[in-house]
Amino acid sequence: MTDTSTEHPFLTACRRGKTPYTPVWLMRQAGRYMQHYRDVRAKVSFLDLCKTPDLVAEVTVTPVERLNVDAAILFADILLLLEPMGVGLEYATGGPVIQRPVRTGGDIDALRDPVPEESLSYVYAAVRSTRAALNGRVPLIGFCGAPFTLASYLIEGGASRNYIHTKRLYHTDPGAWNALMERLVASTLSYVNAQIDAGIDALQVFDSWVGCLAPDDYREYVLPHMRRLMAGVTPGVPVIHFGTGTCGLLELMREAGSDVMGVDWRVDLDEAWSRVGHDMAIQGNLDPVALFAPPAEIRRRVGDILRRVQGRPGHIFNLGHGILPETPVDHVRAMVDAVHELSA
Ligand SMILES: Cc1c2[nH]c(c1CCC(=O)O)Cc1[nH]c(c(CCC(=O)O)c1C)Cc1[nH]c(c(CCC(=O)O)c1C)Cc1[nH]c(c(C)c1CCC(=O)O)C2
């Protein structure tokens, strides 16, 4: 795994090449389920942690060492890009809060356009210090939020159940909606292309909440923006496109143009793969709650997912969404070992 002269299996799988085993990493692999992370967070707030490159490197690398996963994901957050837009980003105990949500065309006009190279320079410093700490052991994944999911936080002011304000904006003022999405795409592209310049090896675009949309609304109000986003990413770095609840959207999401499709557990992986097409790689898709089962049951379920894809090159094993804070660490390690052993 320390041999940097050959490409790492994670990157080979993103390009649908044959690998000696199925590579695996986990969304939220750095987080509260790990004692080490809780110890760090006892001393520093979430935002200050994100803004301290040496601490970012430490919490990014620790799960790689403890779990033996095949990729690291930079410790950051999709909402960091919203802070320099001037809307008041805060991480409260109940989750992230936007203090001044945008609801009208006037609110959208008043947003600042972030200059990521300046206001988010701490992210690029974190990429460099994390790369140095990883020392070529595994590739580093950078990430961003997709414009729909970012817009939903900006408009709702936080998490949402029904996305009423978000949907009402495109129902009542599609011009303002498209202006907001265009600005989010432009800022996101400067943000991620500078992550690529700083040294990330792959990019994951999180459209976590896009599954709330009817397919016609996705096609009209989201897909054109996703296409421009994917087309604007500096070539050469594989792009993973992830969402949850996307069973009704997979064929449309394919048209956005990523290299890898990330799917949750609500769809069989082989069905998802044939629907997006075997000319794309696929990532997923164990239910995060399956990690609360006994290790023997976890292993059986890992085997079920691996059997569904029948060793076809281009599968990256992951959960269908992030690890939950209460998850037992030894069960996570048992899952990673099961993926490596059963796929070898
Ligand atoms: C929707 C979204 C957010 N952030 C992110 C998404 C997309 C992924 C998904 O769908 O879960 C992405 C994200 N957020 C975080 C990472 C770090 C890398 C990793 O995956 O390990 C990543 C990739 C750290 C974090 N981001 C956050 C935490 C918890 C903060 C803490 O330490 O208290 C972490 C580890 C805060 C955050 N940030 C966000 C929420 C909803 C929350 C609160 C939920 C929670 O508390 O788990 C927005």
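Here, every reference points to the structure presented above.
Residues numbered from 1 in each chain as written. Predicted model: local features only at pLDDT ≥ 70, side-chain atom pairs only at ≥ 80, totals over all residues. Heavy atoms only, no water.

A. Examining the packing of helix 4 (residues 53-67) against helix 7 (residues 121-134) more closely. It is at 8 Å that the axes of helix 4 and helix 7 come closest, and there the two elements cross at 45°. Taken together, the axes of helix 4 and helix 7 lie oblique to each other. Crossing of helix 4 against helix 7: the hand is right-handed. Residue-level inspection shows P53, D54, V56, A57, T60, V61 and V64 of helix 4 in contact with helix 7, the latter providing Y122, A125, A126, S129, T130, A133 and L134. Within the contact of helix 4 with helix 7, the residues separate by chemical class into 10 nonpolar, three polar and one charged. (Axes fitted to C-alpha atoms, helices over the stretch in contact; angles between N-to-C directions. Helix = DSSP H or I, 4+ residues; strand = E, 2+ residues; numbered from the N terminus. Parallel < 35°, antiparallel > 145°, perpendicular 65-115°, else oblique. Left-handed = near helix turned anticlockwise from the far one by under 90°. Contact = heavy atoms within 4.5 Å. Nonpolar A, V, L, I, M, F, W, Y, C, P; charged D, E, K, R; others polar.)

B. Summary view of the sheet that holds strand 4 (residues 140-145). Read from one edge of the open sheet, seven strands run 1-4-5-6-7-8-9, paired in parallel fashion. Whereas interior strands pair on both sides, the edge strands pair on one side only; in this sheet they are strand 1 (72-73) and strand 9 (315-319). Pairing of strand 4 with strand 5 (residues 202-207) involves five bridges; the strand directions are parallel. By the bridge assignment for strand 5, G142 is matched with L203. In the packing of helix 14 (residues 295-309) onto the sheet, the strands contacted are strand 8 (281-286) and strand 9, and the crossing angle to strand 9 comes to about 150°. (Pairing = 2+ DSSP bridges.)

C. Looking closely at the packing of aromatic side chains. This structure, assessed with the given rule, holds 10 aromatic pairs. With 5.5 Å between their ring centres and 85° between their planes, F143 and F206 make a pair best called edge-to-face. Of this pair, F143 sits in strand 4 while F206 sits in strand 5, placing them 63 residues apart in sequence. Residues F143 and F206 agree in their burial class; the two are buried. Relative to W177, the ring of Y170 has its centre 5.3 Å away and its plane inclined at 75°; by these criteria the two rings are edge-to-face. Each member of the pair, Y170 as well as W177, is classed as buried. Taken together, the ring pairs in this structure connect F148, Y163, Y170, W177 and Y221 into an aromatic cluster. If you follow R312 out to its NZ or CZ, it ends over the ring of W273, 5.6 Å from the centre. (Phe/Tyr/Trp six-rings, centres within 6.5 Å; stacked < 30°, edge-to-face > 60°. Buried < 20%, exposed > 50% of the residue type's maximum accessible area, 1.4 Å probe, protein only. Lys NZ or Arg CZ within 6 Å of the ring centre and 35° of its normal.)

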